Structures are given as structure tokens and as C-alpha cells.
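# Coordinate inspection notes
Residue-level listing of the chains:
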2 protein chains.
Amino acid sequence: MEKNILLTIAYDGSNFSGWQKQPAAPTIQGHLESTLSSLFKKEILLSGTSRTDAGVHALGAKASFKADIGIPTEKIPMVVNNALCGREKGPFAIAPIRILDAEEKPADFHARFDCTGKTYVYKIMNSTEVDIFKRNYVYHVDKPLDIKKMRNAAEAFKGTHDFKSFESSGGNPRETTVRTIFDIKVTQSDELIEISVTGDGFLYNMVRIIAGTLVDVGRGKIDPDDLPRIIEAKDRTQAGHTAPPYGLYLAEVYYGDIERR
Amino acid sequence: MEKNILLTIAYDGSNFSGWQKQPAAPTIQGHLESTLSSLFKKEILLSGTSRTDAGVHALGAKASFKADIGIPTEKIPMVVNNALCGREKGPFAIAPIRILDAEEKPADFHARFDCTGKTYVYKIMNSTEVDIFKRNYVYHVDKPLDIKKMRNAAEAFKGTHDFKSFESSGGNPRETTVRTIFDIKVTQSDELIEISVTGDGFLYNMVRIIAGTLVDVGRGKIDPDDLPRIIEAKDRTQAGHTAPPYGLYLAEVYYGDIERR
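Residues numbered from 1 in each chain as written. Chains lettered and ligands numbered in written order. Predicted model: local features only at pLDDT ≥ 70, side-chain atom pairs only at ≥ 80, totals over all residues. Heavy atoms only, no water.

## Let's talk about the interface of chain B and chain A
Contacts between the two partners involve 25 residues from chain B, matched on the other side by 25 residues from chain A. Surface buried jointly by chain B and chain A totals about 2200 Å² across both partners, of which 68% is contributed by carbon and sulfur atoms. Among the residues chain B hides against chain A, the three largest losses belong to B:Phe92, B:Phe133 and B:Arg135. Together they make up 33% of the total. Applying the counting criterion to the chain B and chain A interface returns two salt bridges. Across the salt bridge formed by A:Asp12 and B:Arg135, the nearest N and O atoms sit 2.6 Å from each other. If you look at where chain B meets chain A, you find eight residue pairs in polar contact (both at pLDDT 80 or more). (Contact = heavy atoms within 4.5 Å. Buried area = accessible area lost by both parts, 1.4 Å probe. Salt bridge = Lys/Arg side-chain N within 4 Å of Asp/Glu carboxyl O. Polar contact = N/O pair within 3.5 Å; in protein donor to acceptor, adjacent residues only side chain to side chain.)

The following block contains the structure:
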């Protein structure tokens, strides 16, 4: 019997050209679909919520597929993870993609269209010394960052705004650039600064421009009080720089009533 | 004037086919030589101490070159690091290779032949949960490891022994398989176990077989009291498995009198 299966997926995006399948580049969707298809001996097509860019990671991405795969849903993570690790070199290798959970959904459930919100986390390492082993996983900023200013500035993003100032060109066409940010937090633990943003949806590069703008605030290049004006300008040139992709993590994807969370 | 320059180098070996230059594969030596050569506008050839394998990392590798490069020795790290980062994609990218130090040596100094010892560190993550973001940087062992047993077993390696049981085939021919281990430590911090080994030299895969054998001891597959017998057997099949390359770090390279350290 065909089931509609929703997967929760973590991935290290370092060596992939993003989520979306491409004919001649390694992608997360492509790698996962080919693994699932050869494992279950039928063509499996994934419908993902978010087409993350090259270098962007996920702690809890979601994608669904419809198929009769002949194994209990709760066994999917173990079976698929074994297959993914089997594609790596060496007997102990861990795959860059990992299934964290699989659940059965109603036939009319759609991973992308039914999504009501997402949380992204952006990781910054604020230290004078470079750690080359973290270069694919954090944005290294060697100048001191004023975390209080960053927190004050972040408040301005909360609520429903037209975020045109925080959109890069080159994304898919959108009906509207109005989005709602339910929550944004800036936390610090030793040298690691994390910006966590939850919203109903995000424009192209929106979290990376928010992160870059907050870094510019932390470095004193942008005044925290200027944020409302920058948002209102609806002009990309008013906001700060676009932070690099490798600091960005798709952390959670929500279905159902997100505002009550 | 030609100088003999000794570099201290850290590298993330994840995406390299090891140190040694190869015609058709990305290597640390190849990447660094081509960066230095185009930066200083003359052919720079590096003489390294250790030809680490694919996936192996370095915290403090050493390599020397002779050239008249026209800049003060103390500026070399900054200038070369800028050039290395310039070869990466994106404005904020950190290179996988980093020069930590540069010093001038006498004309007859040779990075490899004058080396009197090295410290390697082997990193194990002992946890039930997999962390995909560390998969290139630690050996993940999900079964519990008895650290006390590992420490007891490690004592047997200290001193001068014929380490034939701890050599893989396929390395360069050696005059002797006798080596001296000055020190070996097994430390634990939360889920991370580190094996730190200092010796006058190491056979092919020796540290990885020591690490794999200690993991087998920690899992109860090998008795710590068996270690002296395993060493004495001079037979690779008596020792434990070869731990994967990505947990291994060349930590320090010594010149001069190492035994008094």
C-alpha cells in the first residue's frame, strides 16, 4: 500500500551544491533520491520544504515521498542511514545526510505547501584566531562584536513587515515580500554567537542578510536604532552584507498552528 | 638572498588526497606549492616531514623551502594565508590550509631528516548519537568504551619496541620496524576521547592501528594484559583494527633533543 512518508533530515551541506536536484552537481535531494530509489528498488521522488543553497546545512529539514516500500515506517531511518553510510568510503564512515525521523502522513499532506513556518539558526564564531576545522560550519568574524547592540537591533525584525530590504535578487518570484517573524534570539556561548529566527517564511537569502546586518551592527557599522528605517526603506542597499552560506542551518520546520508555540 | 624557511602548518585533510603531491588529485603539498609559487612568482618546492594520508589532519605539520622571496620571514604567515583564503569561494571563506608560523633555518637544515620526533593525536567521539558535522574530524564509536582499560593497555606501547604488529603493508620500505614511544596519553572530556602519542618515528598506519587496538580494548574485545604479547608477536593480525584516517591529527614535529621534553 502506498504511504505518504515525511522525513526529518539533517545534512552537512559543505560538499553539496544545495538541496535541489541538478543534472551535473552533487545535491542533497539528488543524493537522497538515488539512495532511496536503489534501496527500495523503485523511483522515489522527494518533495522538500526548502531549497537550501550550496554550503547551507540542516538540523531538521523535512521532505516527503509517496511509495509502497514494504517496510514499517519506524524502520526507515535505520535502513536509509545504513544505505547512506554504505555510499561513503571506508568501513566506519558517517554519511553527510542523516534521517532523524520518518512519519506517516495523510495522502493529501504536502511537505512544502502545508508548512506553516521554519526556524533557521545562523552561527558566528567571534574570535581573533581562525579555527580551520570549523570553516565550513561557522562564519568567522575576527573583529569584536557588541552582542547587546545586536540583540537590540534584532527586536526590530519581530512582527509582520515587508522584508524587501532583506532579499537578494535571483530567487524565485514571490507574490509578496511581506513575512512574519515570530521570534528572533541572539545567544552567546564563549566564542560562538547564534542567531535563531522563526518565521512563517523567508525571502531569498533573508536570514543571511539579517545575520550580516546584525554583524554590521555588532561591529558598529550600523546603529541598532536604524533598523526600523532600514526595513521601511524596502531597499536591499540599505541593509548590511550577506553573511556566507556555511553559517546557516535550517533548524526546524513546522506544520499546523505555529503562533501558539 | 636565498633563505631556508621552515613553515608550521595546520590543515583540514578532509578534501585532500593526503600531503604528497600527485598529478591528478588535490593534495596539501600540491595546493600549498602552487599557492607559494604564484605568490612569490618562482617555483617553490616544499620538503615536508610527514606524508599524511587522505583525510588525515594537521595541527602543526612542518615543511621547508629554499628561496629568495623578498619579504621578511615574519610576514610570510599573513601573506600566504591571505593568498590561500583568496583561492576559496566567497569573500569570507577560510582556507583548509593555514600557516601558523615561519622561521629561518640554517642552509643545511632539512625538515624531514632533522626531525627527531612527532606527536600525533587521535580523536574518538564515544556517543550513541551520530554528529554528522564532526564526521570528518573524529572516529565515531557508538559502543561504550572502558577508558581505564584503554589507559592500562596504552602503557605497553611506551619505550623502544619492534612495532611490526602495528604496521600496515603498502608503506615505504623501512630499514627497521623498531621505534621508540616517548609518551602516550589517553584523555577524556565528555564524549571526546583523545589518544596522544609522541615517538621518534612511526610506521605506516601505526597510530591508526594503535588507536584501533585501544578501541578494541575499550570495547572488551582485547584484554589490556595482552598488549605486550601482541607487540612481541610482530604480526599485524594480532593487533586490533585500523582506525579511520579522519580521527588522526599530526599535532607536533620536533627538532633537537626530544627526550628531555
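Read on for the rest.
## Structural notes on the packing of helix H3 (residues 147-154) of chain A against helix H4 (residues 206-218) of chain A
Residues and elements named next belong to chain A. At a minimum axis separation of 8 Å, H3 and H4 run at an interaxial angle of 135 degrees. As the angle between them shows, H3 and H4 are arranged oblique. Here the hand of the crossing between H3 and H4 comes out right-handed. Residues Lys149, Met150, Ala153 and Ala154 of H3 pack against Leu214, Val215, Val217 and Gly218 of H4. In terms of residue class, the contact of H3 with H4 is made up of six nonpolar, one polar and one charged. (Axes fitted to C-alpha atoms, helices over the stretch in contact; angles between N-to-C directions. Helix = DSSP H or I, 4+ residues; strand = E, 2+ residues; numbered from the N terminus. Parallel < 35°, antiparallel > 145°, perpendicular 65-115°, else oblique. Left-handed = near helix turned anticlockwise from the far one by under 90°. Nonpolar A, V, L, I, M, F, W, Y, C, P; charged D, E, K, R; others polar.)

## Some thoughts on the relation of the copies chain B and chain A
With an RMSD of 0.0 Å, chain B superimposes on chain A once it is rotated by 180 degrees and translated 0.0 Å along the axis. Expressed as a symmetry operation, the mapping of one chain copy onto the other fits a two-fold axis. Same-surface contact between copies: 100% of interface residues of chain B are shared with the interface of chain A. (Least-squares fit on C-alpha atoms with pLDDT ≥ 70 in both.)

## Some thoughts on the packing of aromatic side chains
What the rule picks out here adds up to 21 aromatic pairs over all chains. Taken together, a centroid distance of 6.3 Å and an interplanar angle of 90 degrees make the contact between A:Tyr122 and A:Tyr139 edge-to-face. With a gap of 17 residues between them, A:Tyr122 in strand E5 (residues 115-126) and A:Tyr139 in strand E6 (residues 139-141) connect regions that are remote in the sequence. Both rings, one in A:Phe157 and one in A:Phe163, keep their centres 6.5 Å apart while their planes meet at 25 degrees; by these two values the pair is stacked. Residue A:Phe157 is classed as buried on the basis of its relative accessible area, which comes to 0%. An aromatic cluster of at least three residues, connected via ring pairs, comprises A:Phe133, A:Tyr137, A:Tyr249, B:Phe133, B:Tyr137 and B:Tyr249. Sitting over the ring of A:Tyr249, A:Lys123 keeps its end group 4.6 Å from the ring centre. (Phe/Tyr/Trp six-rings, centres within 6.5 Å; stacked < 30°, edge-to-face > 60°. Buried < 20%, exposed > 50% of the residue type's maximum accessible area, 1.4 Å probe, protein only. Lys NZ or Arg CZ within 6 Å of the ring centre and 35° of its normal.)

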